[in-house]
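Fold and contact review
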Amino acid sequence: MEKTFYFENIIAWQKAHAFVLLVYQYTKAFPQEELFALTSQFRRAAVSIEANIAEGCKKVSKVEKLRFMNISEGSLEECRNYILLARDLKYIDDGAYSALKNSSDQVGWFLNAYSKGIINNSGIKD
């Protein structure tokens, strides 16, 4: 019997999900006037990271899998920009900045490792 593989088993997705939860936690305190601007954009980009990992994990070809991982990486970089912006606008304090930055760094590391695994896995179709 074949073992079923779920996106929840991917460490990169787990780290991305933890990052999303942090983003939601800290953006709750953003000013009300940012609700449809920075708050919305930051949350959307964060959710995009984990959603693209989840969608990409079921793609059959390496090229397709890597395309979704690349979209996740782009969304992560967008979030890194929002972390800096939120800090500079004084929407988050140093503790929140460090927590978000460290979490985003972990996501980046595991996302990169997962992408390298896809490239090196000869069992996946090209």
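Below is a short write-up of the structure. In this text, all values refer to a predicted model and were calculated from it rather than measured experimentally.

Re unusual backbone geometry
Phi is positive for K90, close to 65°, though the residue is something other than glycine. Looking at the element boundaries, K90 is found in the loop between α3 (62–88) and α4 (94–120).

Looking at the packing of α3 against α4
Any two packed helices are characterised by how steeply their axes cross, that is the angle between the axes, and by the distance between the axes. Two numbers describe how α3 lies on α4: the axes approach to 10 Å, and their chain directions differ by 165°. Taken together, the axes of α3 and α4 lie roughly antiparallel to each other. Crossing angle aside, the handedness with which α3 passes α4 is left-handed. Partitioned by chemical class, the residues of the contact of α3 with α4 number 12 nonpolar, five polar and seven charged.

Some details on the packing of aromatic side chains
Per the stated rule, a full pass over the model turns up four aromatic pairs. Both rings, one in W109 and one in F110, keep their centres 4.9 Å apart while their planes meet at 75°; by these two values the pair is edge-to-face. Overall, F110 belongs to the partly exposed group, its relative accessible area being 24%. Lying over the aromatic face of F68, R67 brings its terminal NZ or CZ to 4.7 Å of the ring centre. When the ring centre of Y97 is taken as reference, the NZ or CZ atom of R87 above it lies at 4.7 Å.

Concerning the packing of helix α1 (residues 11–27) against helix α2 (residues 38–57)
One way to put it is that α1 packs onto α2 with a least axis distance of 9 Å and a crossing angle of 165°. Of the possible angle classes, the one that applies to α1 and α2 is roughly antiparallel. When you trace α1 past α2, the crossing you get is left-handed. For the pair α1 and α2, the contacting residues are A12, W13, A16, H17, F19, V20, V23, Y24 and T27 in the first and T39, F42, R43, A46, V47, I49, E50, I53 and A54 in the second.

Section: the nonpolar core
One broad trend across soluble globular proteins is that nonpolar side chains are buried collectively. Among the nonpolar cores identified, the biggest contains 33 residues, and F19, F42, I49 and I53 are the most heavily contacted of them. Listed by contribution, the elements that provide at least two residues to this core are α1, α2, α3 and α4. Counting residues per element, this core draws most heavily on α2, which supplies eight residues. In this structure, F42 is in contact with F19, V23, T27, F30, C79, Y82 and I83, ignoring residues within four places of it in sequence.

What to know about the side chain of S72
Relative to the helices and strands, S72 resides in helix α3. Those residues in contact with S72 that lie beyond four places of it in its chain are S48, I49, N52, I53 and L111.

What counts and how
Residues numbered from 1 in each chain as written. Predicted model: local features only at pLDDT ≥ 70, side-chain atom pairs only at ≥ 80, totals over all residues. Heavy atoms only, no water. Helix = DSSP H or I, 4+ residues; strand = E, 2+ residues; numbered from the N terminus. Axes fitted to C-alpha atoms, helices over the stretch in contact; angles between N-to-C directions. Parallel < 35°, antiparallel > 145°, perpendicular 65-115°, else oblique. Left-handed = near helix turned anticlockwise from the far one by under 90°. Nonpolar A, V, L, I, M, F, W, Y, C, P; charged D, E, K, R; others polar. Phe/Tyr/Trp six-rings, centres within 6.5 Å; stacked < 30°, edge-to-face > 60°. Buried < 20%, exposed > 50% of the residue type's maximum accessible area, 1.4 Å probe, protein only. Lys NZ or Arg CZ within 6 Å of the ring centre and 35° of its normal. Contact = heavy atoms within 4.5 Å. Core = buried A, V, L, I, M, F, W, Y, C linked by side-chain atoms within 4.5 Å.

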